[in-house]
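Structural overview for review
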Amino acid sequence: DAELAAAMPYNETKPLEYGAAALTPHQGEVRRPDTPLATASTTTEDIASRKVGDGTPGIGADPLAGPLDRVRVDDSGRELTTNQGVKVADNQHSLKIGLRGPTAMEDFILREKITHFDHERIPERVVHARGAGAHGYFENYHDLSSITRAGLFCKPGKRTPVFVRFSTVAGSRGSADTARDVRGFATKFYTEEGVFDLVGNNIPVFFIQDAMKFPDLIHAVKPEPNNEIPQASSAHDTFYDFAGLSPEIFHMLMWVLSDRAIPRSFRTMQGFGVHTFRLVNAKGESHFVKFHWTPLQGTHSLVWDEAVKVAGADADFHRRDLWEAIESGNFPEWELGLQVFTEAQAAAFRVFDVLDATKIVPEELVPVRPVGKLVLDRNPDNFFAETEQVAFCIAHLVPGIDFSNDPLMQGRIHSYIDTQLSRLGGANFHEIPINGPVAQVHNNQRDGMHRQAINRGRVAYEPNSLAGGCPFQAGARGFASWPEHVEGSKVRGKAELFAEHYGQARLFWNSQSPFEQQHIIDAFRFELTRVQTPAVRERIVAGLANINARLAAAVARGLGIPVPAPLPRVNDTPVPDYPPSPSLSLLFRPGRTGIRTRRVALAAAEGVDAAGARELYASLLRDGAQPRIVGQRLGELSTASGRPLDVEVSFEATPSVMYDGLVVGPGDASAAALARDGRVLEFVRDQYRHGKPILVIGAGRQLLAAAVIPLALPDGSPDPGLFLADEAGLAAALAAFKAALARHRTWARETDPPRV
Ligand code: HDD
C-alpha cells in the first residue's frame with residue numbers, strides 16, 4: 001500500500017484525496033468520544049486558510065458580547081463611502097448635466113443610495129409585529145442534571161447569554177404599545193449546545209387547542225379585511241364571532257379581558273412557555289415541565305382608562321420603559337420557575353389534559369420551583385438588525401429539552417421556520433448575526449439567498465471519505481428525540497378532556513380579587529359594546545353563563561340584554577370545581593424592588609418653595625424613583641427664597657398617565673396657581689381615578705378641593721393612598737407616600753360608575 005501511495009500523484013493541500021489516507025476512507029460513521037477529531041494532516045477542511053485562520057473563530061470567546069462584534073459598525077471619525085467602500089465626495093447633490101439640467105443615468109452613487117432605501121422594509125411579522133428587545137443573561141441556580149441534560153441547567157452559577165423580545169400580537173409594527181392584547185415573551189438562549197428558544201406569552205394558556213385553527217383565529221382578530229379596521233384591537237365583530245363559536249376560547253378570554261392584557265410595563269409581567277414540554281436527563285428519563293417567568297419587579301398592570309390615554313400620549317410607552325430602565329442601570333429581572341411532573345402525575349390530574357394549551361396546571365397541584373434568573377442588561381445597538389431580524393422558533397431546542405404531543409405546539413414546530421423564509425428572505429436567516437448560535441455550525445447545507453458562510457472544501461455530502469467523514473454525526477452527544485411509544489389510528493379529532501372548556505375559566509374568575517373581577521366585567525362590556533352584531537354579543541354572554549352567573553348578569557346588564565341561556569356544552573363532561581388559586585391574582589406578586597423606577601410628578605408653579613421641592617425630589621431619587629418637576633411651561637419658577645426651580649417637563653407633554661404618583665410641591669402660591677389650571681385639575685383627577693398615591697403639602701389641599709377629590713373611600717374610611725401633610729408631619733407623610741407608591745394603587749377608590 002505504501003508503494004502504491006508513493007506511486008500516486010500527490011497534492012499536499014489535499015491529503016485525503018491524494019495521500020495514504022485516501023486508501024482508508026472513513027464511512028459516514030459516528031465518532032466515538034475517545035477518537036480525537038481529525039487533525040490538520042488528514043482533513044482538507046482543517047488546513048488553515050490564510051483568510052479565515054484555523055477554523056476556530058475568535059468570535060464567541062466572550063459569549064456575552066463577542067459574537068456580534070464581527071458585524072458592529074461604528075461611524076465615528078470616518079468618511080462616508082458607498083457600499084463598495086468607495087469614498088463619497090458629495091452626499092447632498094445628484095450628478096446633473098448643467099446645474100439646472102437633467103440627472104445623469106451614470107450617477108451610481110445616487111442610484112445605489114435610492115435603491116437601498118427602496119428596499120429597506122421587510123414584511124412585518126404576521127403576528128407579534130410590534131415589539132421591543134434586549135440582551136442579557138440567564139443565571140442558573142442549581143444542578144438539574146437529575147431531570148435534564150441541557151447544559152444551561154446543569155451548573156450552579158452558569159450564565160448563558162440571551163436575547164429577549166416582548167411583543168403585542170394583533171397590532172402592526174407601528175401600533176400603540178398599550179393595546180389590550182396578549183404579550184409575547186420570547187427568549188433566545190445562546191447555549192454552548194446550540195440555540196434554545198422559549199417562545200412564550202405573558203398568559204399561561206392560549207385561545208385554541210389545535211394549530212389547525214391558528215390562521216382562523218388570527219384572521220378573526222386582525223383588522224377586518226374589507227376596511228382594515230380596527231388596528232390592534234380584539235373589540236370587533238369578527239373576533240367575537242370566532243370566539244363565540246369556539247368555546248375552547250373562554251378560559252383565555254378571561255385572561256385577555258383581565259388586566260393581564262394591559263401590563264404596566266414589560267418589566268412587570270409574568271411569562272409562560274404555555275405548553276407542556278419534556279425534560280430528559282442523561283439516562284434518558286423524561287419528565288413533563290411547564291416554564292414560568294416571574295418578574296422581581298412584581299406584577300402590575302394599567303387600568304383600562306389609563307391604557308387608552310397612554311396610547312395617545314406615548315405610543316411607545318412599553319418600549320421606552322424597557323429602554324430607559326436598562327439605560328439607567330435598573331436591569332429588569334425575572335426568575336425562571338419550573339413545574340416538573342411525571343406522566344403518571346399528569347394522568348392523575350384527570351379533569352384536564354396537560355396536552356391541552358387552554359389549561360394550566362394549578363400551582364397548588366404542582367408547585368413552581370425557581371431554577372434561575374434572567375437579567376436584561378443591554379439595549380440593542382440597532383433595532384432592525386437585532387429586534388426586527390431576530391427569528392424565534394419553538395423547534396429550536398437543545399438536547400435535554402423536548403416537545404410534548406400538544407397539537408398546538410406540534411403545529412408551531414412548522415410555522416416559525418416557515419414564516420422566516422418569507423419574512424427574512426430565504427433559508428439562511430440563521431446566519432443573520434442576532435440569530436447565529438455561539439455554538440459552531442457544521443453541516444452539509446449550502447448556498448441559498450444571502451449565504452454568508454464560506455464553506456471550504458469540495459465535500460458537501462455525507463457519508464464521505466474525501467473529508468475524512470467530517471462533519472461526524474454526534475451520536476449520543478447529539479439531539480435525540482425522546483423515544484415515546486406511540487400507537488393509534490390516524491384520525492382528526494380531539495381527546496376527551498379537551499372538550500371541557502369552563503372549569504378553569506371559572507377557576508380564574510374565582511381566584512381574582514373583587515376589583516380584578518370588576519375589571520373583567522368592564523372589559524367584556526367595552527369589547528362587546530364595540531361589537532355591532534347582537535347575536536355575536538349574545539353568544540359570548542351565553543358562554544359566560546357557563547362560567548359564573550354574576551359575571552354573565554353584569555355583562556348582560558352593561559349591554560342592555562337579558563342573560564341568555566348558557567351555551568350548550570359539547571358533551572357531558574362535568575365542569576370540574578377547582579379550589580381558588582391565589583397565585584392567579586395579580587396581587588399575589590407585589591414585587592421586591594420597592595419604588596425603583598416608579599415615576600413621580602412633582603407639580604410646581606410660580607411661588608413654589610424651591611428648597612422644599614428639591615428635598616422631596618432628592619429623597620425620591622435616593623430610593624430609586626424617577627421624580628420630574630412638572631409645570632405649566634418650561635423655564636425657571638421664581639420662589640420665595642433662594643435659587644429658582646427649573647421646570648423639567650410640562651403637563652401638556654406628560655399627562656397624568658405617564659406617572660405612578662403625584663406630589664404637589666410645597667408653597668401656597670404655587671398650589672393656588674395650579675388649582676386655577678384646568679389641565680392640572682384633570683391631571684389630579686386622573687391620578688386619583690387611576691388609584692395612584694397623591695401627597696399634598698399645606699395649601700396643596702386646595703388643589704384636591706378644586707378637582708373635587710373625595711378624601712374618604714366610598715365606605716367612609718380614610719383613603720390609604722392620599723396624604724395631606726403640613727410642614728411638621730412631612731417626613732412621616734413622605735414615608736407613607738413611598739410605601740403606597742411601592743404598593744402601586746389604591747383599588748378601594750374604584751366604584752362602578754367611577755366617582756371621579
Ligand atoms: Fe406564535 C410569533 C408566541 C401559537 C405562529 N408567537 C410568535 C411570537 C411569540 C409567539 C412570542 C413572537 C416572536 C418574536 O418576538 O419574534 N405563539 C406564541 C405562543 C403560542 C403561539 C405562546 C401558543 C402557545 N404561533 C402559535 C401557533 C402558530 C404560531 C399555533 C401557528 C401554527 N407565531 C407564529 C408565527 C410567528 C409567531 C406566524 C410570527 C412571526 C414569527 O413567528 O416569527 O410563525
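This structure is a prediction, so every number in the text was calculated from the model and none was measured.

**So, the sheet that holds strand β12 (residues 626–631)**
In space, the six strands of this open sheet follow the order β15-β12-β11-β16-β17-β18, with parallel pairing throughout. Every interior strand has two partners, whereas the edge strands, β15 (649–650) and β18 (722–725), have only one. Relative to β15, β12 runs parallel, the two sharing two bridges. Looking across to β15, one finds that Gly 631 is bridged to Ser 650.

**Concerning the domain arrangement of the protein chain**
By the assigned domains, the protein chain splits into domain 1 (131–243 + 263–435), domain 2 (502–587) and domain 3 (599–749). Each of domain 1 and domain 3 was reduced to a C-alpha centroid, and the two centroids are 38 Å apart. Facing the eight residues of domain 1 at the interface are seven residues of domain 3. Across the side of domain 1 that touches domain 3, the residue classes tally to three nonpolar, one polar and four charged.

**A look at the packing of helix α5 (residues 237–244) against helix α14 (residues 534–544)**
Where α5 contacts α14, the two axes come as close as 9 Å, and the packing angle between them is 40°. One way to sum up the angle between α5 and α14 is to call them oblique. Two packed elements cross with a definite hand, and for α5 against α14 that hand is left-handed. Contacts from Asp 237, Tyr 240, Asp 241, Ala 243 and Gly 244 in α5 reach Val 536, Arg 539, Ile 540 and Gly 543 in α14.

**What to know about helix α15 (residues 549–559)**
Those residues of α15 that sit buried are Leu 551, Ala 552, Ala 554, Val 555 and Ala 556. Residues of α15 that are buried sit in contact with α12 (503–510), α13 (514–530) and α14. Gly 560 sits one or two positions beyond α15 and adopts a positive phi of about 70°.

**A short note on the pairing of strand β9 (residues 369–378)**
Regular strands have side chains that alternate between both faces of the sheet. Here strand β1 (residues 131–140) pairs with β9 via six bridges, running antiparallel. Each residue of the ladder has a partner; that of Phe 138, found in β9, is Leu 374. Of the strand pairs in this sheet, strand β8 (residues 333–341) and β9 are connected by six bridges, and their pairing is antiparallel. Note on β9: the bridge partner recorded for Leu 338 is Arg 369.

**Regarding the UniProt feature "domain: Catalase core" (unreviewed entry) in the protein chain**
Feature annotation in UniProt places "domain: Catalase core" (unreviewed entry) on residues 81–470, given in this structure's numbering. Structurally, residues 81–470 comprises 22% helix and 19% strand, and the distance from its first C-alpha atom to its last is 41 Å.

**Observations regarding the environment of Pro 433**
Looking at the element boundaries, Pro 433 is found in the loop between α11 (407–423) and α12. Classification of Pro 433 as partly exposed rests on a count of 17 C-beta atoms within 10 Å. With 44 residues separating them in the primary sequence, Pro 433 and Gln 389 have C-alpha atoms 9.0 Å apart.

**Remarks on the site of the ligand**
Within the structure, the ligand sits among 27 residues, and Arg 125, His 128, Arg 165, Gly 184 and Ser 415 are positioned closest to it. Elements that contribute at least two residues to the shell around the ligand include exactly β2 (159–168), β3 (183–191), β4 (194–201) and α11. For the shell around the ligand, the element with the highest residue contribution is α11, accounting for six residues. Tallied by class, residues from the shell around the ligand come to 14 nonpolar, ten polar and three charged.

**Quick look at the pairing of strand β16 (residues 661–664)**
The alternating pattern of β16 places Gly 661 and Val 663 on one face and Leu 662 and Val 664 on the opposite face, and all of these are buried. As paired strands, strand β11 (residues 599–603) and β16 are joined by four bridges and run parallel to one another. Bridging across to β16, Leu 602 finds its partner in Val 663. Judged from the three bridges that link them, β16 and strand β17 (residues 694–697) form a sheet pairing that is parallel. Along β17, the bridge assignment pairs Val 663 with Leu 695.

**Remarks on the environment of Met 658**
Mapped onto the elements, Met 658 comes out in the loop between β15 and β16. A sequence separation of 58 residues divides Met 658 from Val 600, and the C-alpha atoms of the two residues are 8.8 Å apart. Residue contacts for Met 658: discarding those within four places in its chain leaves Ala 313, Asp 314 and Arg 599.

**Examining helix α17 (residues 668–675)**
Among the residues of α17, Ser 670, Ala 671, Ala 673, Leu 674 and Ala 675 are the ones counted as buried. Residues of α17 that are buried in the fold lie against β11, β16, α18 (678–689) and α19 (701–706).

**Observations concerning the UniProt feature "binding site: heme" (unreviewed entry) in the protein chain**
Mapped onto the present numbering, the UniProt feature "binding site: heme" (unreviewed entry) falls on Arg 125, Arg 165, Phe 214, Arg 412, Tyr 416 and Arg 423. Classification of Arg 165 by C-beta neighbours within 10 Å gives buried; the count is 24. Setting aside residues up to four positions removed in sequence, Arg 165 forms contacts with Gly 131, Gly 133, Gly 184, Ala 186, Thr 387 and Val 390. You can see Phe 214 is positioned in helix α4 (residues 214–221). With 17 C-beta atoms counted inside 10 Å, the residue Phe 214 sits in the partly exposed group.

**Quick notes on the environment of Glu 335**
Within the secondary structure layout, Glu 335 lies in strand β8. Separated by 148 residues in sequence, Glu 335 and Thr 187 have C-alpha atoms that sit 13 Å apart. In contact with Glu 335, other than residues within four places in its own chain, are Thr 294, Leu 296, Pro 370 and Lys 373.

About the criteria used
- Residues numbered from 1 in each chain as written.
- Predicted model: local features only at pLDDT ≥ 70, side-chain atom pairs only at ≥ 80, totals over all residues.
- Pairing = 2+ DSSP bridges.
- Helix = DSSP H or I, 4+ residues; strand = E, 2+ residues; numbered from the N terminus.
- Domains from an automatic or database assignment.
- Contact = placed C-beta atoms within 7 Å.
- Nonpolar A, V, L, I, M, F, W, Y, C, P; charged D, E, K, R; others polar.
- Axes fitted to C-alpha atoms, helices over the stretch in contact; angles between N-to-C directions.
- Parallel < 35°, antiparallel > 145°, perpendicular 65-115°, else oblique.
- Left-handed = near helix turned anticlockwise from the far one by under 90°.
- Buried ≥ 20, exposed ≤ 12 C-beta atoms within 10 Å, placed from the backbone.
- UniProt positions renumbered as here; feature names shortened; annotations may be inferred.
- Near = placed C-beta within 6 Å.

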